[in-house]
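As a plain string of letters, each chain reads:
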Amino acid sequence: MCFSCLEENEQLLITSCNGERSVENGPGVMCYGPCSSTESRGALVLGTGEYSIVMNDEFGSKKSFYGPSVVWMNEREAVVHSGTCPNLTAQQYITITDGENGTVKNIVGPSLFKPGPYDEISPYKKVYNLAKNEYLRIKDQEGKLRIEVGEQRVVPDPLEEVIGGVQCGVNVDEHHCVLVRNTDTGSLVQISQLGLFIPSKYQEIVEVQEKIILEEYQTVVYKDKTGKFIYARGDSELRNFFLPPFCEIVKQEWSTDLRKEHTSVDLVWKFDRRPSYMNYEFNCRTVDNVELCVDVSFFWSIIDVPMLVEKTADAPGDTCTHARSKIIQEVSRIKLLDFLEKFNEIIRGACIDDPFYEERGVDLISVEVLRFKCASSETDAILQDIIKETADRLKKKERQKGENEVALSRLGGEIEEEKMKKELIELKKSHLKTEARIEGEAEAMKLVAFMEKTTGKDTATMDLDKAIKMFLMLRKLDSVEHLSKGSNQLMITPNDVNLSVGQIFPTTKDDKGF
């Protein structure tokens with residue numbers, strides 16, 4: 001006999017010499033025949049939330065065991081699967097497929113699911129919690145569609161399919177509408193009724209459209225279902241609208257690179273009729289074989305949108321390319337020095353008043369040369385020297401012109417000053433004359449009054465000569481009095497005032513000698 005010592009939760013599988021199997025469970029000392037083979041294996045210990053599937057190889061049947069427990073398998077049983085029971089939250093669910101009869105069911109949380117021996121468990125799925133503006137499109141096992149709209153909690157049936165996941169409805173307002181395809185009829189409908197739009201089961205949202213709102217200077221072109229061009233202008237009644245079904249906005253790719261070679265473009269669908277600037281660079285060659293790189297600025301505008309759409313797909317590119325052709329023709333007829341003297345006139349003469357632009361709905365208002373240089377570095381160095389000399393000459397001319405203007409301004413100021421002085425002198429003379437005349441009249445009135453008083457009949461009279469001498473003497477006294485009031489000193493002799501000792505007033509002898 002043979003013996004084997006087993007511990008707790010240990011099992012001994014014994015196979016006899018004739019192939020019969022048996023088990024002995026520990027703990028303890030087990031004995032078996034010498035011709036038997038043994039295999040020690042542990043008991044199946046399952047914790048909380050664990051499970052195992054055991055298969056009986058005699059009948060092919062399966063059984064499930066769940067923890068917490070200790071499972072002793074018999075000699076014909078073996079573990080085919082072990083795992084953890086799905087622990088579902090309130091936002092989770094799983095789909096269970098019974099492999100024995102093919103039935104399918106959902107297990108929705110919160111719960112701890114104990115799988116059966118033939119259950120196939122899907123991955124965890126999330127319950128759909130729909131808001132007010134959300135919806136689900138669901139297709140059942142028969143292909144029928146239905147729409148589930150929030151607010152609600154949705155768990156699709158096991159054989160149902162959610163198409164597109166959770167989708168949001170569209171808020172239709174003054175600036176937004178919805179283009180909807182009816183899948184049952186194939187029609188295309190524009191929904192512009194204000195409110196929250198949720199499609200029905202046979203409706204699909206093709207596009208959420210934004211209202212086209214035009215400024216006064218903008219024009220939009222769209223093609224209707226018959227292929228006809230419709231023009232909407234910002235200064236007309238059709239200045240804000242939703243694009244009708246089966247219509248398409250006309251868009252053009254306009255060159256934006258400096259050389260207008262279509263390497264970079266802007267997608268234009270709102271045509272701006274305001275004048276704008278556009279830069280363009282190109283090469284040309286003079287008659288004396290000097291290659292120039294010229295950078296010009298075009299001031300242009302759109303004057304006829306229908307003609308532009310019909311005649312060109314790249315208005316800036318066509319405008320610049322044609323202008324370059326004309327400029328090259330003009331520059332090829334002149335020498336470099338002639339170009340330096342009147343380059344703006346040459347460029348404008350080649351481009352302005354050309355019917356090419358008007359035929360394409362464009363008005364070329366003006367052209368200006370921004371800069372130019374020689375393509376060859378050596379020639380460009382010579383050109384820069386010429387330009388520098390020309391600039392220095394012009395600078396000197398302008399400086400001399402400024403100095404001349406300053407001198408002329410100064411001379412003009414002096415002339416004006418002399419004129420004002422002349423006017424002042426004439427005015428002073430006029431005032432002096434007037435003052436002298438007034439003083440003379442006053443003196444004359446004094447003399448007349450004095451003479452009338454001294455020679456009058458109503459008073460003692462004296463002859464005329466004496467009266468005159470007396471008047472002169474009084475005036476001299478006035479002069480002396482005036483001088484005496486000042487700080488000046490006047491040296492006079494008796495002869496100057498006609499004075500003699502013992503006399504105050506000069507007198508003449510009468511006929512008697514007195």
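As a starting point, this report considers the structure included with it. (Residues numbered from 1 in each chain as written. Predicted model: local features only at pLDDT ≥ 70, side-chain atom pairs only at ≥ 80, totals over all residues. Heavy atoms only, no water.)

1. Let's talk about the pattern of salt bridges
Where charged atoms from two side chains of opposite charge come close, those side chains can pair. The test is simple: Criterion for a salt bridge: a side-chain nitrogen of Lys or Arg within 4 Å of a carboxyl oxygen of Asp or Glu. The buried label applies to any residue whose accessible area, calculated with a 1.4 Å probe on protein chains only, is under 20% of its type's maximum; exposed applies above 50%, and partly exposed to all values in between. Strands here are runs of E lasting at least two residues and helices are runs of H or I lasting at least four, both read from the DSSP assignment and numbered beginning at the N terminus.
Going through the model one piece at a time under the given rule, you end up with 18 salt bridges. In this structure, the salt-bridge partner of arginine 285 is glutamate 291, at a minimum N-O distance of 3.1 Å. Given the relative accessible area of 28%, glutamate 291 is considered partly exposed. Residue aspartate 295 pairs with arginine 371 through a salt bridge whose shortest N-O separation is 3.0 Å. Of this pair, aspartate 295 sits in strand E36 (residues 291-302) while arginine 371 sits in strand E37 (residues 362-374), and the two are 76 residues apart along the sequence. Aspartate 295 gets classed as buried once you look at its relative accessible area, which sits at 3%. Looking at arginine 371, the relative accessible area reads 52%, which means it is exposed.

2. Here we look at empty space enclosed by the protein
Selection rule: Residues are called lining when one of their atoms sits within 4 Å of a cavity or pocket point, these points coming from a 1 Å grid over the protein atoms alone, where a cavity is a set in which a 1.4 Å probe fits but cannot get out and a pocket is an open set with protein on both sides within 12 Å along at least five of seven lines. Grid points are joined across faces, edges and corners, and a volume is the space filled by probe spheres set on the points. The residue classification treats Ala, Val, Leu, Ile, Met, Phe, Trp, Tyr, Cys and Pro as nonpolar and Asp, Glu, Lys and Arg as charged. All others, Gly included, are polar.
Summed over the entire model, instances satisfying the criterion amount to one cavity of 30 Å³ or more. By volume, the largest cavity amounts to about 40 Å³. Residue lining of the largest cavity: Thr312, Ala315, Asp318, Thr319, Phe356, Tyr357, Arg360 and Val362, and that is the complete set. For the lining of the largest cavity, the secondary structure elements donating two or more residues are helix H2 (315-331) and helix H5 (355-359). Per-element accounting of the lining of the largest cavity gives the leading share, three residues, to H2. Broken down by class, the residue content of the lining of the largest cavity amounts to four nonpolar, two polar and two charged.

3. Some remarks on the side chain of glutamate 148
As a reminder of what qualifies: Whenever a nitrogen or oxygen atom comes within 3.5 Å of another N or O atom, the pair is scored as a polar contact, on the condition that within protein one atom can donate a hydrogen and the other can accept it, and that pairs from neighbouring residues in sequence are kept only if both atoms are in side chains. Residues are treated as being in contact if the distance between any of their heavy atoms lies within 4.5 Å.
With respect to the helices and strands, glutamate 148 occurs in strand E19 (residues 145-149). A relative accessible area of 18% means that glutamate 148 is categorised as buried. Polar contacts involving the side chain of glutamate 148 include one to the side chain of arginine 146, which spans 2.7 Å. Polar contacts involving the side chain of glutamate 148 include one to the side chain of glutamine 152, which spans 3.0 Å. Those residues in contact with glutamate 148, other than ones at most four positions away along the chain, are Leu130, Glu134, Tyr135, Leu136, Ile138 and Val154.

4. Considering the nonpolar core
Generally speaking, a soluble globular protein has its nonpolar side chains buried in company with each other. Our working definition: Side-chain atoms within 4.5 Å link the members of a nonpolar core, which is a set of buried Ala, Val, Leu, Ile, Met, Phe, Trp, Tyr and Cys residues.
Counting 41 residues, the largest nonpolar core has Phe271, Leu292, Val294, Val296, Phe298, Phe339 and Cys351 as its most contacted members. Among the elements of the structure, strand E35 (276-285), E36, helix H1 (305-311), H2, helix H3 (336-341), helix H4 (343-351), H5 and E37 are those that each provide at least two residues to this core. Those residues within four positions of valine 296 in sequence are excluded, and the remaining contacts are Met278, Asn279, Tyr280, Phe282, Ile347, Val367, Glu368, Val369 and Leu370. By size, the runner-up hydrophobic cluster in this structure holds nine residues, among which are Ile212, Val220, Tyr222 and Ile249.

5. Remarks on the sheet that holds strand E23 (residues 176-182)
Rules: Strands are labelled as partners when DSSP assigns at least two bridges between them. Orientation is described by lines fitted to C-alpha atoms, with helices fitted over the stretch in contact, and by angles between N-to-C directions that extend from 0 to 180 degrees.
With respect to topology, three strands assemble into an open sheet ordered E24-E23-E26, the strand pairing being antiparallel. Of all strands in the sheet, those with a lone pairing partner are strand E24 (188-191) and strand E26 (203-210), marking the two edges. Strand-to-strand, the axes of this sheet are offset by a mean angle of 25°, without reference to chain direction. Inspection of the sheet shows E23 paired to E24 by four bridges, in the antiparallel sense. Within the sheet, the bridge partner assigned to leucine 179 lies in E24 and is glutamine 190.

6. Here we look at a nonpolar patch on the surface
Worth spelling out the cut-off: Think of a patch as exposed residues, more than 30% relative accessible area, with no salt bridge, where like charges cluster within 9 Å and nonpolar side chains (Val, Leu, Ile, Met, Phe, Trp, Tyr) cluster within 5 Å. Per-residue and other accessible areas follow the Shrake-Rupley method at a 1.4 Å probe size, with only the shown protein chains counted as cover for residues.
Together, Val45, Val70 and Trp72 make up an exposed nonpolar region whose accessible area comes to about 250 Å². Structurally, the position occupied by tryptophan 72 is in the loop between strand E9 (69-71) and strand E10 (77-84). Here tryptophan 72 falls in the partly exposed class, since its relative accessible area comes to 33%.

7. Focus on the sheet that holds E35
One open sheet holds the three strands; their spatial order is E35-E36-E37, and the pairing between them is antiparallel. Strands with a single pairing partner mark the edges of an open sheet, and in this sheet they are E35 and E37. When the angles between neighbouring strand axes are averaged without regard to direction, this sheet yields 25°. As paired strands, E36 and E37 are joined by 11 bridges and run antiparallel to one another. For phenylalanine 299, the partnering residue across the bridge sits in E37 and is serine 366.

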